[in-house]
Amino acid sequence: QDGTCRSSEAACPLANTCPDEASFRCSDGVCAESESDCLVGANGCPGAFPFRCLNGECVSSLGRCMNTTELSNGCDANLFRCWNNECSPSIFTCPATNGCPSVLPLRCPGGLCVANAIDCAANDAICNRAQCPDGSCVDSLAECPTSYLCNVTHPFRCVNGECTRGSAFQRLLRLFIGASDTELSSCGARVVCDDGESLCADGSCRADPSVCPSIRVCRSEESPVLCPDFTCAASLAECARRGGLRCPSSNPLLCDSGSCVSSPRDCLPFLAPPGVNSFGAGGEDVVVSDDFLQCWDGSFAASFGECVSRSIATWQAIRAADVTPQSVGGGSGRRAFFQHLLGTSSSKKKQQVPRRLKQAHVEDVLSISLDIEVTGVDPSDNCPSGQYMCPNGLCVPEATEKFECDIVPACPLSRPLRCDNGTCVAAGELCEVIVNCPPGVTLCADGTCRESCPGFNGCGPRMHLCPASLECESEFERCENTTALNLETFDPLAGYNEIGICTVDCFRDLRPPLLAATIDPGMETEVVAIDDPDFGTPLVLTVPAGALDVSDDNTTFLIIGPVPDSDLRTYENFIRPGWMPFFGDFIRYPQTVISPAFRCWRSPNINSFRLNITVAARIDRTFPHSPADICLASANIIEGEWRCVHPLFEDREANPILFEDGNLVTQSMGFCDTIDGDGTVYAVIYTPGSDRPQDLDDGNLDVLERYWIFVAMGVIFGATACTCLFYYCQRQLRYRGKYKM
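Remember, predicted model here, so these are calculated numbers, not experimental data.

Draft legend 1. Focus on the nonpolar core. Counting 35 residues, the largest nonpolar core has L539, L541, F598, M669 and V684 as its most contacted members. In contact with L541, not counting residues within four places along its chain, are T525, E526, V527, A529, I560, F598, I613, T614, V615 and M669. In this structure, C158, A189, A201 and I559 belong to the second largest nonpolar core, which totals 26 residues.

Right, dumping it as structure tokens:
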């Protein structure tokens, strides 16, 4: 019934597995709406839609090909894409990286754009208005450009070249909660191909359009136009008005800019990467290294504390200029004006201090800091009402901070101490200041004082990141180094100090960006969560066809996000009794998590998963773990502990984790949190799987296994002999007692 050839009739499937929208199974196994659609011509199109457009779309007449939008570069027709994603009639009209037009490429100290340096007027030596981070002089800081030359009130450069107040991801969240789009200008979805490639009707990019697969997309006569998001509409105007967010299965990942890609590495970042637009806080050129962080306005800083200070100054200047939050979109920044998105803001929750997360003592603070004290502030007080300031200076709604804010990066091992102001210094070096937080707030890793701190990697303020154990200590002298004891070969009885910890180039330290993946319920979808130029693709999720139980016909999404160390260190990996003599009560985070960790959410129209999602992850093999001691686990946030997806040892034997290429492991999971939750956390962890240490089976039989029958006979013979001897001695004693009488 499925059109396949089998060895016997008994091997044929009993049911037709075609989906409802194409329920007829053709003789070649293809699913179609009717038998007439099975008559495929030489061009690959079915008989009912025999004509093939240049992009591979099958239509009923060639005139319908004019209804297909073919935008291979993401811009509208006859426009050129500039370095900053702006669409321009010509490369010669693209702006320079300093915001000046190409015909006037030089920026004077006062902000004027000129053709030659000698053209800078004497009265243009200084800026008497508002000076932006790129050196431009404007009437208000609200007009300052970000790194892609969109101003701070409309900071997002969309894939179609427009600057908008909101990102594609913002609009997606609005759809999830049913909010109105009337006040939101945001990016829509479309595929952008590389130079020299053509965009096909299935959403893929091909070097030659003649090899685009032949496919029917728009089947309805009422909606014949193929929109950039690969939905169908009645006209191009309707496509533009809807600005849909669906991505095709060939490029399922939705970027902030609206670009649909197959790998997160292809997303255009909100901020330009280092070296593209490297200006300092005063407009001067700076040499940007990995030690620099990029702030929300495109400038670079040594710490996020500097970014927060610049953002506070910008907001204070905007208020002084009487620029209301409504006129700048309810908060400028990466994802602004979310108070309109949610309607109401959630109340802040006071940060819960983890039970086993070490905190520095007051006497330790005095030993690592100069005698300079400042009073910390909550930077969110400078954002519009109900919003939260991220570490890089972005103002976002409190309720969506879990999606919006970047993670504070870890201190490098060469500078392991995180100071109060968020900077990192070498062990033994004194910090510049001590930050005193008011009562009721906590000192955070970005150098601010808040009720709820942003997530961070590495260690928190006033703590050292130990180079060997990766534990957090208030004094560097307390760090232990047991690497000399680490084993390079598997030992089933290895002790805690013998399990090696990865410290350099670790898969554990990789984090997926925030991703929204379109999942077609009828097709298998591969979600590349991490694509790193040095590590490849160490985290890939595969959603099989038919895996989703959906409640409506709207587009379904999976959201994938990162997990900071500040969360991972709070989840405990408890030990089974048989292993406690080797490890104690629990295994700590650096030895527990051996793969990239991630969170996942599902869109509201996904009820549950009918089939499991396959997770393929690369793991650190500093210690050659036995496969029996590794599992894909989820973090129980309420109880604060890791639990294997298959918790019982018998379940893990029935659902073994698969090893490939030495460090690629594969296992499945079947749950993601709802969008209003904290997200389900997953990672591959090391946890002994049984109630006693598992010996490594080398395939050889030991002496007892080889001669078990003789051993059993010997035991039986010995027991019989002992019984007879006991009976004999008992009879002798009774006889002697009787004789004496």
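Draft legend 2. Local environment of the packing of aromatic side chains. For the structure on display, the rule yields five aromatic pairs. A ring pair is formed by F169 and F403, whose centres lie 6.2 Å apart and whose planes are at 55 degrees; its orientation type is tilted. Of this pair, F169 sits in helix 1 (residues 168–177) while F403 sits in helix 6 (residues 401–404); the two residues are 234 residues apart in sequence, bridging distant segments of the chain. Comparing F169 with F403, the two get one shared label, buried. Every member of this aromatic cluster is reached through a ring pair, and the members are F169, F403 and W601.

Draft legend 3. Structural detail: the pattern of salt bridges. For the structure shown, the criterion picks out 14 salt bridges. The closest approach of N and O atoms between R643 and E641, which form a salt bridge, is 2.9 Å. A single salt-bridge network, built from bridges that share partners, covers E639, E641 and R643.

Draft legend 4. Representation of the state of the cysteines. Tallied over the full model, the rule gives 21 disulfides. Sulfur-sulfur distance for the disulfide between C45 and C58 comes to 2.1 Å. Between C45 and C58 the disulfide shows an S-S torsion of about -80 degrees. By sign, it is left-handed. One end of the pair, C45, is in the loop between strand 2 (31–32) and strand 3 (51–52); the other, C58, is in strand 4 (residues 58–59), with 13 residues separating them in the sequence. Across this residue pair, the class does not change: C45 and C58 are buried. Paired through a disulfide, C158 and C187 show a sulfur-sulfur distance of 1.9 Å. Here the S-S torsion is close to -80 degrees, and the disulfide linking C158 with C187 is therefore left-handed.

The rules behind each value
Residues numbered from 1 in each chain as written. Predicted model: local features only at pLDDT ≥ 70, side-chain atom pairs only at ≥ 80, totals over all residues. Heavy atoms only, no water. Core = buried A, V, L, I, M, F, W, Y, C linked by side-chain atoms within 4.5 Å. Buried < 20%, exposed > 50% of the residue type's maximum accessible area, 1.4 Å probe, protein only. Contact = heavy atoms within 4.5 Å. Phe/Tyr/Trp six-rings, centres within 6.5 Å; stacked < 30°, edge-to-face > 60°. Helix = DSSP H or I, 4+ residues; strand = E, 2+ residues; numbered from the N terminus. Salt bridge = Lys/Arg side-chain N within 4 Å of Asp/Glu carboxyl O. Disulfide = S-S within 2.5 Å.

These figures capture arrangement, not role.
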